[in-house]
Each structure stands twice: as structure tokens, then as C-alpha cells.
Amino acid sequence: MHPDRFFGLAVCILSLAFLVAGVPTISDDWMRATGAQYFTVGPHLFPYIAGALCLLLGLLIALGKPAGDTGAFLSDGGVRRRTVGLAVLSLAYASLLDVLGFVPASSLAMVLFMVGFGMRRWAVILPAALLLPWLTALAFEHILQLRLPEGIVPVPFV
């Protein structure tokens, strides 16, 4: 099997597992909160959208025309090391999200992802990694009325 098809199939399987086993475990406590009767969008919506998009993109990769030479991943140790490192970083981010909180964990992960993907301009990395997670948390908290993991590090103005 071509590596692109294998990767697309793996993304589809993981997306389906997330949609079937992961998203339904999200708590419905928000429905009992004050003012909840005015909101029809709960915390299930965004994970369902993300899972569906991953499933769709996995299908497109699996069913699409395979790319040219994929031997670079198999033969180049640097590419393989970076790919595995970024996958480990993704798992570490997911596991630290509840401990550190959304803003600090996302800021740290953004810095590491940008550096891992080859970005070296710190004048871009630091403002993006500090502002984007904070603005995202602000939008979720005040506009969507959804709580993100707070963790042990309090974030001001959220």
C-alpha cells in the first residue's frame, strides 16, 4: 500500500475513534449553568467539526492520487526524527492542557511547533505564541461563553 493511502487510512480511523469514543465523553454540565437556555451551541460542536474535517481530509488523502517520491521520509533520518518529534509534541500538548491550562500550554506548544517546522524569526514567533492563545481564550470565554482548561497557571483578563 502506498504511504499516502496508509496515512489517509490511519487519519480516518483515528478521526472515527475520536468522533465515536472521544467527543461523547465531553460533559454536559454547561446545560445546567445560569443562562444556558439561551445557548444552543455547546462544547460538543467544535470537536465534532474538527473530527469531521479530519475524517474528510483523511479520505481525500487516502482516495486521492498518490504524490511523487515518498522515499525521503523512509530514508532521511532528519525528516523522520522531526516528524516523530512533532507527533510526540502533539501528545505532550494534549496531556499538559489540563495541567497548565489552555493559554500557557498553547503558547508553549506554538513556540515548539513553529521552531519544529523551521521558523527562526523570534520577532514573529513570540508575539504569535503569546497573543493568539490568549485571544482565542478570550473569544471562547466572553463571546462563546465556553470555559477552556484553566490549569494551575492563572491567566489575567480571561
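What you are looking at is a predicted structure, and each value in this text was computed from that prediction instead of being measured.

Attention now moves to a nonpolar patch on the surface. On the surface, Leu45, Phe46, Ile49, Leu53, Leu56, Leu57, Leu60, Ile143 and Leu144 cluster together into a nonpolar patch covering about 820 Å² of accessible area. Counting residues per element, the nonpolar patch draws most heavily on helix 2 (residues 45–63), at seven residues. Tracing the sequence through the fold places Leu144 in the segment after helix 6 (122–143).

At a minimum axis separation of 7 Å, helix 1 (residues 3–22) and helix 2 run at an interaxial angle of 160°. Of the possible angle classes, the one that applies to helix 1 and helix 2 is roughly antiparallel. Of the two possible hands of crossing, helix 1 and helix 2 adopt the one that is left-handed. Between helix 1 and helix 2, the residues in contact are Asp4, Arg5, Phe7, Gly8, Leu9, Val11, Cys12, Ser15, Leu16, Phe18 and Leu19 and Pro47, Tyr48, Gly51, Ala52, Cys54, Leu55, Gly58, Leu59, Ile61, Ala62 and Leu63, respectively. Looking at the contact of helix 1 with helix 2, its residues break down into 16 nonpolar, four polar and two charged.

Take the environment of Pro43 next. Within the element layout of this structure, Pro43 appears in the loop between helix 1 and helix 2. Since its relative accessible area comes to 24%, Pro43 is described here as partly exposed. Spatially, the C-alpha atom of Pro43 lies 7.3 Å from that of Ile26, the residues being 17 residues apart in sequence.

Moving on: the side chain of Ser106. Here Ser106 lies in helix 5 (residues 102–116). Since its relative accessible area comes to 6%, Ser106 is described here as buried. Those residues in contact with Ser106, other than ones at most four positions away along the chain, are Tyr93, Leu97 and Pro133.

Tracing the backbone through its elements, the reader meets Val111 in helix 5. Residues Val111 and Pro127, 16 residues apart in the sequence, show an inter-C-alpha distance of 9.9 Å. Setting aside its immediate chain neighbours within four residues, Val111 contacts Trp122, Ile125 and Ala129.

The rules behind each value
Residues numbered from 1 in each chain as written. Predicted model: local features only at pLDDT ≥ 70, side-chain atom pairs only at ≥ 80, totals over all residues. Heavy atoms only, no water. Patch = residues over 30% accessible without salt bridge, like charges linked within 9 Å, V, L, I, M, F, W, Y side chains within 5 Å. Areas by Shrake-Rupley, 256 points an atom, 1.4 Å probe, with all protein chains shown as cover. Salt bridge = Lys/Arg side-chain N within 4 Å of Asp/Glu carboxyl O. Helix = DSSP H or I, 4+ residues; strand = E, 2+ residues; numbered from the N terminus. Axes fitted to C-alpha atoms, helices over the stretch in contact; angles between N-to-C directions. Parallel < 35°, antiparallel > 145°, perpendicular 65-115°, else oblique. Left-handed = near helix turned anticlockwise from the far one by under 90°. Contact = heavy atoms within 4.5 Å. Nonpolar A, V, L, I, M, F, W, Y, C, P; charged D, E, K, R; others polar. Buried < 20%, exposed > 50% of the residue type's maximum accessible area, 1.4 Å probe, protein only.

In short, shape yes, function no, at least from these values alone.
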